[in-house]
Amino acid sequence: MAANKVVIQDLTLQYSDGTESLRGVSMEIRRNAVTVLFGPAGGGKSTLLRCLNRLNDLTEIKASSGKVLIDGENVLDPKTDVIVLRRKVGMVFARPVVLPLSIRENIVYGLELAGEKRKSQLDQAMERSLKLAAIWDEVKDRLDDPAAALSGGQQQRVCLARVLALQPEIILLDEPTSGLDPISTGKVEAALQELKKEYTIVLVPHSVQQAARTADYAAFFLQGELIEYGEGKTMFTTPKQQRTEDYIMGRFG
Amino acid sequence: MNRFFAHNRHAVQRLGYSLVTLMAVLTVIPIVSTILFILYKGGPAISWEFLSGFPHDGMRAGGILPAIIGTVYLTIGTAVFSVPLGIAAAIYLAEYAKDTFLTRLIRIAIINLAGIPSVVYGLFGLGVFVLFLRFGTSILAASLTLSIMTLPVIISTAEEALRAVPQAFRTVSISLGGTRWQTIRRIVLKEALPGILTGVILGLERAAGETAPILFTGAAFFLPRLPVSPFDATMALPYHLFVISTQVPEMPVQIQYGTALVLLVFVLSMNLIATVIRSRARARRQW
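The rules we used
- Residue positions are given per chain, counted from 1 along the sequence in the order it is written.
- All chains are assigned letters beginning at A, and all ligands numbers beginning at 1, according to the order in which they are written.
- With the structure being a predicted model, the display of local features is reserved for residues of pLDDT at least 70 and the display and counting of side-chain atom pairs for 80 or more, all residues being used for whole-chain, interface and lining totals.
- Counting from the N terminus, the helices are the DSSP runs of H or I reaching at least four residues and the strands are the DSSP runs of E reaching at least two.
- This radius of gyration counts C-alpha atoms alone. The globule rule is 2.2 Å times how many residues there are, raised to the power 0.38.
- Partly exposed residues are those whose C-beta has more than 12 but fewer than 20 other C-beta atoms within 10 Å; 20 or more makes a residue buried and 12 or fewer makes it exposed, with C-beta atoms placed from the backbone.
- Contact definition: two residues whose C-beta atoms, as placed from backbone geometry, lie within 7 Å.
- Under the convention adopted here, Pro, Cys and the residues Ala, Val, Leu, Ile, Met, Phe, Trp and Tyr are nonpolar, Asp, Glu, Lys and Arg are charged, and Gly plus all remaining residues are polar.
- The source of the domain bounds is an automatic or database domain assignment.
- For two strands to be treated as a pair, DSSP must find at least two bridges joining them.
- For a helix, the expected span equals 1.5 Å multiplied by the residue count minus one.
- Working definition for bend: take the seven residues up to and ending at a residue and the seven starting at it, fit an axis to each, and measure the angle between the axes.
- For helices, the fitted line uses only the C-alpha atoms of the stretch in contact; every axis is such a line through C-alpha atoms, and the angle between N-to-C directions lies from 0 to 180 degrees.
- Should an angle fall under 35 degrees it is taken as roughly parallel, and over 145 as roughly antiparallel, whereas 65 to 115 is taken as roughly perpendicular and any remaining angle as oblique.
- Helix crossings fall into two classes, left-handed where the near helix is turned counterclockwise from the far one by less than a right angle and right-handed where it is turned clockwise.

A few points about the overall build of chain A
So, step 1. Tallying secondary structure elements over chain A gives 10 helices and 10 strands in all.
So, step 2. Taking 18 Å as the expected radius of gyration for a compact globule of 253 residues, we find that chain A reaches 18 Å, a close match to that expectation.
So, step 3. Projected onto its principal axes, the C-alpha positions of chain A cover 50 × 40 × 40 Å.
So, step 4. Here chain A holds 253 residues, and the buried ones make up 44% of them.
So, step 5. The contacts in chain A between residues at least 6 apart in sequence include a share of 71% that link residues at least 24 apart.

Comments concerning the overall build of chain B
So, step 1. Of the regular secondary structure elements, chain B holds 12 helices and two strands.
So, step 2. For chain B, the succession of helices and strands along the chain, N to C, is α-α-α-β-β-α-α-α-α-α-α-α-α-α.
So, step 3. Dimensions of chain B, computed from C-alpha atoms along their principal axes, come out at roughly 65 × 60 × 35 Å.
So, step 4. Residue burial in chain B is summarised as follows: out of 287 residues, 39% are buried.
So, step 5. For chain B, the share of sequence-separated contacts (at least 6 apart) that also reach a separation of at least 24 residues comes to 77%.

Focus: the interface of chain A and chain B
So, step 1. Taken residue by residue, the interface counts 19 residues in chain A and 16 residues in chain B.
So, step 2. Elements represented by at least two residues in the side of chain A that touches chain B include exactly helix H2 (82–88) and helix H3 (103–113) of chain A.
So, step 3. A breakdown of the residues in the side of chain A that touches chain B according to their chemical character gives 14 nonpolar, two polar and three charged.

A look at the domain arrangement of chain B
Residues and elements named next belong to chain B.
So, step 1. What the domain assignment reports for chain B is domain 1 (2–45) and domain 2 (48–284).
So, step 2. Just the C-alpha atoms count here: the centres of domain 1 and domain 2 sit 32 Å apart.
So, step 3. In the side of domain 1 that touches domain 2, the residues fall into five nonpolar, two polar and one charged.

Observations concerning the sheet that holds strand S5 (residues 73–74) of chain A
Across a sheet, strands are paired by hydrogen bonds formed along the backbone, either parallel or antiparallel in direction.
Residues and elements named next belong to chain A.
So, step 1. Spatially, S2-S1-S4-S5 is the arrangement adopted by the four strands of the open sheet, whose pairing is antiparallel. Of all the strands in the sheet, the pair left with one neighbour each is strand S2 (21–30) and S5.
So, step 2. Relative to S2, strand S1 (residues 4–15) is paired through seven bridges, and the arrangement is antiparallel. The residue of S2 that forms the bridge with leucine 11 is valine 25.

Focus on helix H2 (residues 9–42) of chain B
Residue and element names in this part refer to chain B.
So, step 1. With 34 residues, H2 should cover 50 Å at 1.5 Å per step; its first-to-last C-alpha distance of 50 Å lies within 8% of that length.
So, step 2. Largest kink in H2: about 25 degrees, centred on isoleucine 29, with the proline proline 30 one to four residues after it.
So, step 3. For H2, a buried count of one out of 34 residues is recorded, marking the element as mostly open to its surroundings.

Digging into the sheet that holds strand S8 (residues 200–204) of chain A
All names here are of chain A.
So, step 1. Taken together, the six strands give an open sheet; going across it, the order is S6-S7-S8-S3-S9-S10, and neighbouring strands pair in mixed fashion. Either end of the sheet is taken by a strand with one partner, and the two such strands are strand S6 (89–92) and strand S10 (225–231). The sheet shows a mean angle of 15 degrees between the axes of neighbouring strands, direction not considered.
So, step 2. The pairing of strand S7 (residues 170–174) with S8 spans five bridges and is classified as parallel.

Looking at the environment of isoleucine 108 of chain B
So, step 1. Within the secondary structure layout, isoleucine 108 of chain B lies in helix H5 (residues 101–115).
So, step 2. Taking the C-alpha atoms as reference points, isoleucine 108 of chain B and threonine 198 of chain B, separated by 90 residues in sequence, lie 23 Å from one another.

Examining the environment of aspartate 99 of chain B
Residue and element names in this part refer to chain B.
So, step 1. Within the secondary structure, aspartate 99 sits in the loop between helix H4 (65–96) and H5.
So, step 2. For aspartate 99, a count of 8 C-beta atoms within 10 Å puts it in the exposed group.
So, step 3. Separated by 154 residues in the primary sequence, aspartate 99 and valine 253 have C-alpha atoms spaced 55 Å apart.

Observations concerning the pairing of S1 of chain A
So, step 1. Across eight bridges, the pairing between S1 of chain A and strand S4 (residues 61–70) of chain A is antiparallel. Within the sheet, the bridge partner assigned to isoleucine 8 of chain A lies in S4 of chain A and is valine 68 of chain A.

Section: the packing of H5 of chain B against helix H7 (residues 139–164) of chain B
All names here are of chain B.
So, step 1. Between H5 and H7, whose axes approach to 8 Å, the crossing angle comes to 130 degrees. Classified by the angle between their axes, H5 and H7 sit oblique to one another. As H5 packs across H7, the resulting crossing turns out to be left-handed. Contacts between H5 and H7 involve Ile110, Leu113 and Ala114 from the first element and Leu151, Pro152, Ile155 and Ser156 from the second.
So, step 2. Residues of the contact of H5 with H7, tallied by class, amount to six nonpolar, one polar and no charged.

Remarks on the packing of helix H6 (residues 152–164) of chain A against helix H7 (residues 182–195) of chain A
Residues and elements named next belong to chain A.
So, step 1. Where H6 contacts H7, the axes come no closer than 9 Å and their chain directions differ by 20 degrees. Relative to H7, the element H6 lies roughly parallel. Crossing of H6 over H7 shows right-handed handedness. Within the contact between the two elements, H6 uses Gly153, Gln156, Arg157 and Leu160 and H7 uses Ser184, Lys187, Val188 and Ala191.
So, step 2. Here the contact of H6 with H7 is built from residues that sort into three nonpolar, three polar and two charged.

Here it is as C-alpha cells:
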C-alpha cells in the first residue's frame, strides 16, 4: 500500500467570479495522517479541498488543469463517478450544517441515499459513527429529536459522524471549529487524532495554533500557491521559507 | 425651513409614523366593509334549502347547490392540471435552469402570462379547448383555461419557496453522495412544501372566483341537474352571481347577496387554510 493516499500534480484552477484560485500546486497527502492546509484567507485551501471531492462542480469554473490522483486514479477526469467519489471522500464544513431532520436521520442520510435499507445496518453504522465522533453519550437518549436543537459544538460532531457513517477513506475538514468554543474544539481535535489511525485526514484549520497542534504534515498556501510543504513539527519550529516564518510568527495574515 | 426640521426631528418622525399607520389602516377599511356589507345583506338568505337545493321559478327562488358543486369541480379540475405542471416548472427554474436565452424566455413568458386580462384567457380557451380540441363547453375546457391563468401564480410562488431553502442544505446533501434529484426530493421540496402549498391555494382561490375565463368555456346559465362527466357544462358561483345580477329581471336582492356571501366564504376559507399552513410551518422551521 502506497504511503501517499492522494497525489496532486500541477493543479491550476480559476473560478469564474475571480475569487480564490490555485496555481500549479503539486503535493502528496499521506495515508493515516493529518495533513493541514494553512495560510491567509483566499489562499486556495478550500478550493483545493473541494477539488478532492469534486464539490467544485457546483461552482462556475473558468479554467482548470492538472491532476488529482486518489489511489492512482485521476478524480478530475470527467468520467469519474462523482457520487462514488463523494462517498469515499467525506467533507465537514465550517458552519455546522445539520439537515432539517432528526439526529438519527442526519447520520443515516448518506447511507440511505446509497440504497441501504436494512434497519440493523443503519442502526449499527449510526452508533459506530456517533461514538467515533465522540458525541454518542450526549445524544443516545434523544436520537429522534431534531438535530437543529443541539448546540453548535454538538451539531458539528453530528456532521462529522454523518460523514463517518459512510465509512469514507478520506475526510476533508474546512475550518470545522471556526464557530466553536474551546471545549468543543478540543473534542473535535481529539477525535481527529483517534480517526487518523483509520482515515486520511485533510484539515484547513481556523488558526495557526490549531495547525501547529494537529499537523502531522503541513502545507502553507499564499494567494493560490503552495509555498512550503513538510512535516508539521519542522514547519512550525524551523520553517524554510521566509514568508512561512513571517506568517507563523504573525507578521502578516 | 431646514432649521425647523433639524430642531424638530422627533416631531417629523412622529408625523411620518402617524401617516404610514393611517395609510395602513385605510387599506383595511374597504376589505372589512365589503365583508361586513355582504354578510349583512346576504346572511338572511343562508339556509339549508339555499345551500342544498336547486334554483326554481326562473332562479328567483330555491337554492344554489349546482353552482357550489360546479365551482368545487372547476377548482379541483384546475388543480389537477396546474399543480403538477406549475411545481415541475418551478423546480426546473429554481434548481436546474442556468441563466440562458431559453430560461430568460420562459421567465418572460411567465411574467407576461400573469399580466394577461382574464377575459383574454376566456377567448383563448374558447378557441383552443372548446373549438379546436372539440372539448365543447365543458368542465374540462374551463379547468384547462383556468389552469393556464393560475400557472404563473403557482410557478412564481413555488420558485420563490424553493429558492428560500438554504443553499447549504443542497451542498451538504451533494457532498454526502446525493444526486441533485435525491437532494430536491428529500430535503428541498420537503422544506419548501408549505410555501408551495400557499401559492397553490392562492392561485386556485383566484381561479375559483373568476368569471371571464369560464364564460365561454364551461359555464352554463342554468342546468336542471348536476354535471356527471368532465365533458358536461356546469353552473358556477361567480357566473351564477353575474347571471342573477344582470340577466334575470325582478331577482330578489337577498339571493344575489346570499350567492355572493357563499362565494366569499368559499374563497376566504381557502385563504384561511393557506394562512394556517404557513404559520404552522414557520413555527416548526429549523432554519
